[in-house]
Amino acid sequence: MSKYKYSCLNPIAQVGLGLFSEEYTKTDDIKEADAVLVRSASMLEMELPENISAIARAGAGVNNIPLDKCASDGIVVFNTPGANANGVKELVIAGLMLASRNIVGGINWVQTIKEEKDVAKLVEKGKSKFAGKEIQGKKLGVIGLGAIGVLAANAANRLGMEVYGCDPYISVEHAWNLSRDIISVKSKEDIYKECDYISLHVPLLEDTKKMINKETLSKCKDGVVILNFARDLLVNDEDMEEALKSGKVAAYVTDFPNEKTAGMKGVIAIPHLGASTEESEDNCAVMAVKQIKDYIEHGIIKNSVNYPDCDAGTFTGGTRVTINHKNIPNMLTQFTGVFSAENINIANLLNKSKGDYAYTVIDIEGGVSNGIADKLKAINGVLKVRTLS
Ligand SMILES: NC(=O)c1ccc[n+]([C@@H]2O[C@H](COP(=O)([O-])OP(=O)(O)OC[C@H]3O[C@@H](n4cnc5c(N)ncnc54)[C@H](O)[C@@H]3O)[C@@H](O)[C@H]2O)c1
Ligand SMILES: O=C(O)CC[C@@H](O)C(=O)O
């Protein structure tokens, strides 16, 4: 009989799932799963049963997961920062090329003449219709300098582009990795005004939704190319259609086609292939499974998007009690009170908070009764209690 169960809502690379020991079994019923692994499947409308302790998004974007609801149910949500960034960066470079040289048009045209007698001659005669531009010397603006934005900016710069980057919240780690040749600008306005190509690498949030719209496009250069390898809702599709028609936008490259953009003239639509490489899928799966195992077996939180990171070290014996709770005053006093009332000595205690939520790990040398977990659960503001032994 296995100790833990996990469910996968999307296919997850075997190299990751193989890291689960025989203590784990896979289940298709999330009502009995301790942990859930997901890629792009939407969990927004899903009922989240009480048994779930953790959800790992094998990828970066978490807009398919109800983060607040999970936090208030005591469910820790992880993602895998950077694990698919190289895969996306490479497709962004392909996107720059696809938008600059009429590669798709040319390839499709060759198929229309493939049965003709002298294909080579027709090719030489007809190819001028597909002539393009080079990216060297052109200006690229990268909005969002996280794992992908930094790699894309540096790579485009190495290909001879003049690259502008904008990220008011850039992390120290990403700032370190950004080439000194990238021109860092404080406002997106500078990118709209200066750049021939604009690539979006921000998460989909309330303040980034439809950031590319009639107003922002009006600030752009005529014939600008927009690349969207982040999320479709970052762009207002109606405004984009108008801008493509008028020539304001020369091409819109999107990794997120929808009913509106899939057949839109001027759109180069790719079926969400950014992270669809063997390497990215493996990296994401391995990172996601390791994070789930660390949390389930040791109560360690790393790379959570709704709870604080918290590492009390490997659980080696005795009892470890983990408590997901609201970040409100007086919680620790109440927790320690439950143990002291039973004359139990706390060997180690770690508490971390992030926004409205907090997480506490309490190590005890011996065992504890079930009653302890029930008393902790009864404290107002406690969302989930787990006892590892
Ligand atoms: N096409 C794909 O298959 C694919 C794969 C991975 C990620 N993505 C998308 O790309 C996004 C970025 O991925 P990542 O791995 O680089 O994430 P990341 O978290 O490393 O980087 C996101 C960056 O955006 C910045 N940011 C947030 N709000 C901003 C704003 N208003 N203006 C400017 N910068 C802002 C953050 O400071 C951060 O540095 C993801 O959220 C996801 O939606 C798509
Ligand atoms: O899982 C995928 O294929 C896509 C992942 C990507 O959109 C992400 O946000 O990481």
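Residues numbered from 1 in each chain as written. Chains lettered and ligands numbered in written order. Predicted model: local features only at pLDDT ≥ 70, side-chain atom pairs only at ≥ 80, totals over all residues.

Going by the annotation in an unreviewed UniProt entry, the name recorded for the protein is D-3-phosphoglycerate dehydrogenase, with Anaerocolumna xylanovorans DSM 12503 given as the source organism. The Pathway (unreviewed entry) field of the UniProt record for the protein holds the comment "Amino-acid biosynthesis; L-serine biosynthesis; L-serine from 3-phospho-D-glycerate: step 1/3." Annotation of the protein in UniProt includes, under Function (unreviewed entry), the sentence "Catalyzes the reversible oxidation of 3-phospho-D-glycerate to 3-phosphonooxypyruvate, the first step of the phosphorylated L-serine biosynthesis pathway. Also catalyzes the reversible oxidation of 2-hydroxyglutarate to 2-oxoglutarate." (UniProt positions renumbered as here; feature names shortened; annotations may be inferred.)

**Observations regarding the environment of Glu-162**
Along the polypeptide, Glu-162 turns up in strand 7 (residues 162–166). Sequence separation of Glu-162 and Lys-221 is 59 residues, and the distance between their C-alpha atoms is 15 Å. (Helix = DSSP H or I, 4+ residues; strand = E, 2+ residues; numbered from the N terminus.)

**Regarding the site of ligand 2**
The immediate surroundings of ligand 2 are formed by Arg-39, Ser-40, Gly-59, Ala-60, Gly-61, Asn-84, Ala-275 and Ser-276. For the shell around ligand 2, the class distribution of residues is two nonpolar, five polar and one charged. (Near = placed C-beta within 6 Å. Nonpolar A, V, L, I, M, F, W, Y, C, P; charged D, E, K, R; others polar.)

**Looking at the domain arrangement of the protein**
For the protein, the domain assignment lists domain 1 (1–84 + 275–307), domain 2 (85–269) and domain 3 (310–389). Taken together, the contacts link 13 residues of domain 1 with 16 residues of domain 3. Those elements giving two or more residues to the side of domain 1 that touches domain 3 turn out to be helix 2 (67–72) and helix 11 (278–298). Taken together, the residues that form the side of domain 1 that touches domain 3 break down as four nonpolar, six polar and three charged. (Domains from an automatic or database assignment. Contact = placed C-beta atoms within 7 Å.)

**Focus on the sheet that holds strand 12 (residues 267–269)**
Spatially, seven strands are ordered 8-7-6-9-10-11-12 in an open sheet, and the strand pairing comes out parallel. One side of each edge strand has no neighbouring strand; the edge strands of this open sheet are strand 8 (183–184) and strand 12. Relative to strand 9 (residues 197–200), strand 6 (residues 139–143) runs parallel, the two being bridged by four bridges. Its bridge partner lying in strand 9, Gly-141 is registered against Ile-198. (Pairing = 2+ DSSP bridges.)

**Quick word on the site of ligand 1**
Ligand 1 sits among 33 residues. The nearest are Gly-61, Gly-144, Gly-146, Tyr-169 and Gly-274. Among the secondary structure elements, those contributing two or more residues to the shell around ligand 1 are helix 3 (85–100) and helix 6 (147–158). Here the element with the most residues in the shell around ligand 1 is helix 6; it accounts for three residues. Partitioning the shell around ligand 1 into residue classes produces 18 nonpolar, 11 polar and four charged. Built from parts of two domains, the shell around ligand 1 gets at least three residues from each of domain 1 (1–84 + 275–307) and domain 2 (85–269).

**What about the UniProt feature "domain: ACT" (unreviewed entry) in the protein?**
Here the UniProt feature "domain: ACT" (unreviewed entry) sits at residues 320–389. Along residues 320–389 the backbone is 27% helical and 44% strand, and the end-to-end C-alpha distance reaches 6 Å.

**Here we look at the confidence of the model for the protein**
In this model, the protein carries a mean pLDDT of 98, and residues with pLDDT of at least 70 account for 100%. The ipTM value of the predicted complex is 0.99, and its pTM value is 0.96. (pLDDT = per-residue confidence, 0-100.)

**Description of the nonpolar core**
By size, the foremost hydrophobic cluster in this structure holds 53 residues, and its most contacted members are Ala-153, Val-163, Ile-198, Ile-226, Leu-227 and Val-249. If we skip the residues at most four places from it in the chain, Val-163 touches Leu-140, Val-142, Ala-153, Ala-156, Asn-157, Ile-182 and Ile-183. Core analysis: the next-biggest nonpolar cluster, separate from the first, contains 52 residues, Val-36, Val-77, Ile-292 and Val-368 among them. (Core = buried A, V, L, I, M, F, W, Y, C linked by C-beta atoms within 7 Å. Buried ≥ 20, exposed ≤ 12 C-beta atoms within 10 Å, placed from the backbone.)

**Description of the sheet that holds strand 5 (residues 76–78)**
Where strands meet in a sheet, backbone hydrogen bonds hold them as pairs that are either parallel or antiparallel. If you trace the five strands from one edge of the open sheet to the other, you get 2-1-3-4-5, paired in parallel fashion. Every other strand in the sheet has two partners, leaving strand 2 (24–26) and strand 5 as the edge strands with one partner each. Pairwise comparison of adjacent strand axes, ignoring direction, gives a mean angle of 20° for this sheet. Across three bridges, strand 1 (residues 4–8) lies against strand 2 in parallel orientation. Within the sheet, the bridge partner assigned to Tyr-6 lies in strand 2 and is Lys-26. The sheet contacts of helix 11 involve strand 1, strand 3 (35–38), strand 4 (54–57) and strand 5, and relative to strand 4 the element is tilted by about 165°. (Axes fitted to C-alpha atoms, helices over the stretch in contact; angles between N-to-C directions.)

**What about helix 11?**
Taking 1.5 Å per residue as the helical rise, helix 11 with its 21 residues ought to reach 30 Å, and the 29 Å between its terminal C-alpha atoms agrees with that figure. Two residues or fewer past helix 11, Gly-299 is found with a positive phi of approximately 75°. (Expected span 1.5 Å × (residues − 1).)

**Regarding helix 12 (residues 331–341)**
Buried within helix 12 we find Met-331, Phe-335 and Val-338. Buried residues of helix 12, viewed axially, fall in a sector of 55°; they line one side. Those residues of helix 12 that are exposed and aimed more than 90 degrees away from the buried face are Thr-333, Gly-337, Ser-340 and Ala-341. Those residues of helix 12 that are buried lie in contact with strand 13 (319–326), strand 15 (357–364) and helix 13 (370–377). A positive backbone phi angle near 60° is found at Asn-343, which sits one or two residues after helix 12. (Arc of directions from axis to C-beta.)

**A look at the packing of helix 3 against helix 6**
Contact geometry of helix 3 with helix 6 gives a least axis separation of 9 Å together with a crossing angle of 45°. Relative to helix 6, the element helix 3 is oriented oblique. Crossing hand, helix 3 versus helix 6: right-handed. Residues Ala-85, Asn-86, Val-88, Lys-89, Val-92, Ile-93 and Leu-96 of helix 3 pack against Ala-147, Ile-148, Leu-151, Ala-152, Ala-155 and Ala-156 of helix 6. (Parallel < 35°, antiparallel > 145°, perpendicular 65-115°, else oblique. Left-handed = near helix turned anticlockwise from the far one by under 90°.)

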